[in-house]
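# Coordinates in review
Here is how the chains run, residue by residue.
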Amino acid sequence: MPEKSITLEVFRYLPEQSDEPKYQKYDVPYREDWVVLDALNYIKDHIDGSLSYRWSCRMGVCGSCGMMVNGEPRLTCAAFLRDFYPQPIRVEPLTNFPVIRDLIINLEDFLHKLKEVKAWLIPKQEKPVSEGEYLQSPKELATYKQFSMCINCMLCYAACPVYGLEPKFLGPAAIALGQRYNLDSRDGGKEERTDIIASSEGIWECTFIGECSRVCPKHVDPAAAIQRAKVQSTQEWWMSLLLPKGAK
Amino acid sequence: MARSNEPLFWAPFFAGAGFSALFMPAVMIITGVAVAAGWINATQLYQLILHPLTRLFLFLLISLSLFHAVHRIRFVLVDLGLKPFAGIISVLCYGSAIVGSILAAIFALTL
């Protein structure tokens, strides 16, 4: 019996050869336990070594193999061939990002936004190592844990129609990560982060379409993080308007 | 970066979402179906509407629903590509919600 195969239609963009991208078809062996990333690795190893794409852990942790699989932002390490077989699978780079080469997108904008939102812990009070850890109760951990599951895969940016229309929008993952630190009991950087999160290019660009939460492979629910930030920011705005200066 | 003044519009939008989702279907059934079907006596309902709390309720329901609706319309229009006219769209949208709210207040006070 001949071996089963499946066709991958892969987006190719080789700027040194042509300014126009094209789609190239590859027939790869079909295995039930293979994911799209396995098929791409097969192409790279056995058919066409010029194909370029990012990948690392193959287990949904590193967040580097995000691509459009049949028009849907997916981690290719978690998109099984069996869910598409025998239909061909179209693999493209994540939408809403500039393409550097083939399936590789330019991450600069996202990395800049992570920096802008200060997605790291800013301790309330720096203390010497000799004083020990910054302790936290399980309850305090639970308030932000969900948002800390983000793996920076950027599927939410590819899914977000607002980011597609307005690239200045801070975007789902950066806001969720900002919230992750804002809600951390050990953190004292909320004021600094709020300046960017509550700006017009922050949470207020979001129209709560919710695609970010639908495609998130780690169930971070960035849409919820944004809505919570909106409620919080609205409360603070009205309080500062209604309360006399200095009172809080 | 300056914090946005969007909460000024978002607060009534958010309140309108909850208020209209919770009460609008009930009000529509009471006034549109129950009275027409004769399940509720129209004169008795009118007496209830004259109560100051009901007047306040009707004002809030109409006004907040208007603010909710225009906020959505504003963003739909901007997302449809009318971003260059975002300013005038905001003025028209929130302006009509303010006019509608004034009319609702007059209606609630003069019933």
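First, a word on scope: everything that follows refers to the structure included in this document. As the structure is a computational prediction, the values presented were derived from the model and not from experiment. The residue numbering used here restarts from 1 in each chain and proceeds along that chain's sequence as written. The naming scheme follows written order: chains are lettered A onward, ligands numbered 1 onward. Only residues with pLDDT of at least 70 get local features here, since the model is predicted, and only at 80 or more are side-chain atom pairs given and counted; chain-wide, interface and lining totals rely on the full set of residues. To obtain the side-chain values, all non-hydrogen atoms of the structure were used and water was disregarded.

### Description of the packing of helix H9 (residues 222–242) of chain A against helix H1 (residues 7–37) of chain B
Between H9(A) and H1(B), the least distance of the axes is 9 Å, while the angle of their chain directions is 115°. Where H9(A) crosses over H1(B), the handedness of that crossing is left-handed. From H9(A), A:Gln227, A:Lys230, A:Val231, A:Ser233, A:Thr234, A:Trp237 and A:Trp238 reach across to H1(B), where they touch B:Pro7, B:Leu8, B:Trp10, B:Ala11 and B:Phe14. Looking at side-chain class alone, the contact of H9(A) with H1(B) contains eight nonpolar, three polar and one charged residues. Here, axes are lines fitted to C-alpha atoms. For helices the fit covers the stretch in contact, and angles between N-to-C directions go from 0 to 180 degrees. Secondary structure follows DSSP: runs of H or I at least 4 residues long count as helices, runs of E at least 2 residues long count as strands, and numbering of each begins at the N terminus. By the definition used in this description, the sense in which the near helix is turned from the far one sets the handedness, with an anticlockwise turn below a right angle giving left-handed and a clockwise turn giving right-handed. Contact criterion: two residues are considered in contact whenever any of their non-hydrogen atoms come within 4.5 Å of each other. Just so you know the grouping, Ala, Val, Leu, Ile, Met, Phe, Trp, Tyr, Cys and Pro go in nonpolar, Asp, Glu, Lys and Arg go in charged, and all remaining residues, Gly too, go in polar.

### Let's talk about the interface of chain B and chain A
One frequent convention defines the size of an interface as the accessible area lost when the parts assemble. Each partner contributes to the interface: chain B provides 14 residues, whereas chain A provides 22 residues. Once two parts are put together, the accessible area they lose, assessed with a 1.4 Å probe and summed over both, is termed the buried area. Summed over both sides, the interface between chain B and chain A buries roughly 1600 Å², with carbon and sulfur atoms accounting for 63% of that surface. Contact with chain A buries surface across chain B, with B:Met1, B:Arg3 and B:Trp10 losing the most and accounting together for 42% of the total. Salt bridge, as used here: a side-chain nitrogen of Lys or Arg that lies within 4 Å of a carboxyl oxygen of Asp or Glu. Applying the counting rule to chain B against chain A returns four salt bridges. A salt bridge links A:Glu166 to B:Lys83; the nearest nitrogen and oxygen atoms lie 2.9 Å apart. By the criterion applied in these results, polar contacts are pairs of N or O atoms within 3.5 Å in which, for protein atoms, one can donate a hydrogen and the other can accept it, and in which residues neighboring in sequence qualify only through two side-chain atoms. For the interface between chain B and chain A, the tally reads six residue pairs in polar contact (both at pLDDT 80 or more).

### Focus: unusual backbone geometry
Residue and element names in this part refer to chain A. That bond from Tyr85 to Pro86 is cis: its omega, 5°, falls within 30 degrees of zero. Here Pro86 lies in the loop between strand E4 (72–75) and strand E5 (89–92). Residues other than glycine seldom take positive phi values, yet Asp102 does so here, at roughly 45°. The phi dihedral of Asp221 is positive, around 60°, even though this residue is not glycine.

### What to know about the nonpolar core
Joining through side-chain atoms within 4.5 Å is the link that ties buried Ala, Val, Leu, Ile, Met, Phe, Trp, Tyr and Cys residues into a set, and such a set is a nonpolar core. Between buried and exposed lies partly exposed: a residue is buried under 20% and exposed over 50% of the maximum accessible area for its type, with that area taken using a 1.4 Å probe on protein chains only. A:Leu8, A:Val36, A:Leu40, A:Ile89, A:Leu103 and A:Tyr157 are the most contacted members of the largest nonpolar core, which totals 74 residues. All the domain ranges listed were derived from an automatic or database domain assignment. When residues of this core are assigned to domains, at least three fall in each of domain 1 (5–105) and domain 2 (108–242) of chain A. The next biggest cluster of nonpolar side chains, apart from the first, holds six residues, and it includes B:Phe67, B:Val70, B:Tyr94 and B:Ala97.

### Brief notes about the pairing of strand E1 (residues 5–12) of chain A
Consecutive residues of a regular strand have side chains that alternate between opposite faces of the sheet. Residues and elements named next belong to chain A. Along E1, six of the eight residues are buried, which leaves the element largely enclosed by surrounding structure. In terms of strand pairing, E1 meets strand E2 (residues 22–29) through eight bridges, oriented antiparallel. Each bridged residue has a counterpart across the sheet, and for Phe11 the counterpart in E2 is Tyr23. Here E1 runs beside E5; their pairing, made up of three bridges, is parallel. In this scheme, strands are said to pair when DSSP sees at least two bridges between them.

### Section: the environment of A:Tyr13
All names here are of chain A. Inspection of the secondary structure assignment puts Tyr13 in the loop between E1 and E2. Taking the C-alpha atoms as reference, Tyr13 lies 27 Å from Val61; in sequence the two are 48 residues apart. When sequence neighbours within four positions are dropped, the list of residues in contact with Tyr13 reads Ser18, Asp19, Pro21, Val99, Ile100, Arg101 and Asp102.

### Examining the packing of helix H3 (residues 52–82) of chain B against helix H4 (residues 86–110) of chain B
All names here are of chain B. Viewed as axis vectors pointing N to C, H3 and H4 meet at an angle of 165°, and their least axial separation amounts to 9 Å. Classified by the interaxial angle, the pair formed by H3 and H4 is roughly antiparallel. The way H3 lies across H4 gives a crossing that is right-handed. Looking at the contact of H3 with H4, its residues break down into 20 nonpolar, seven polar and two charged. Angle categories are assigned with fixed cut-offs, so that under 35 degrees is roughly parallel, over 145 is roughly antiparallel, 65 to 115 is roughly perpendicular, and the rest are oblique.

Bear in mind that shape data such as this cannot, by itself, settle questions of function.
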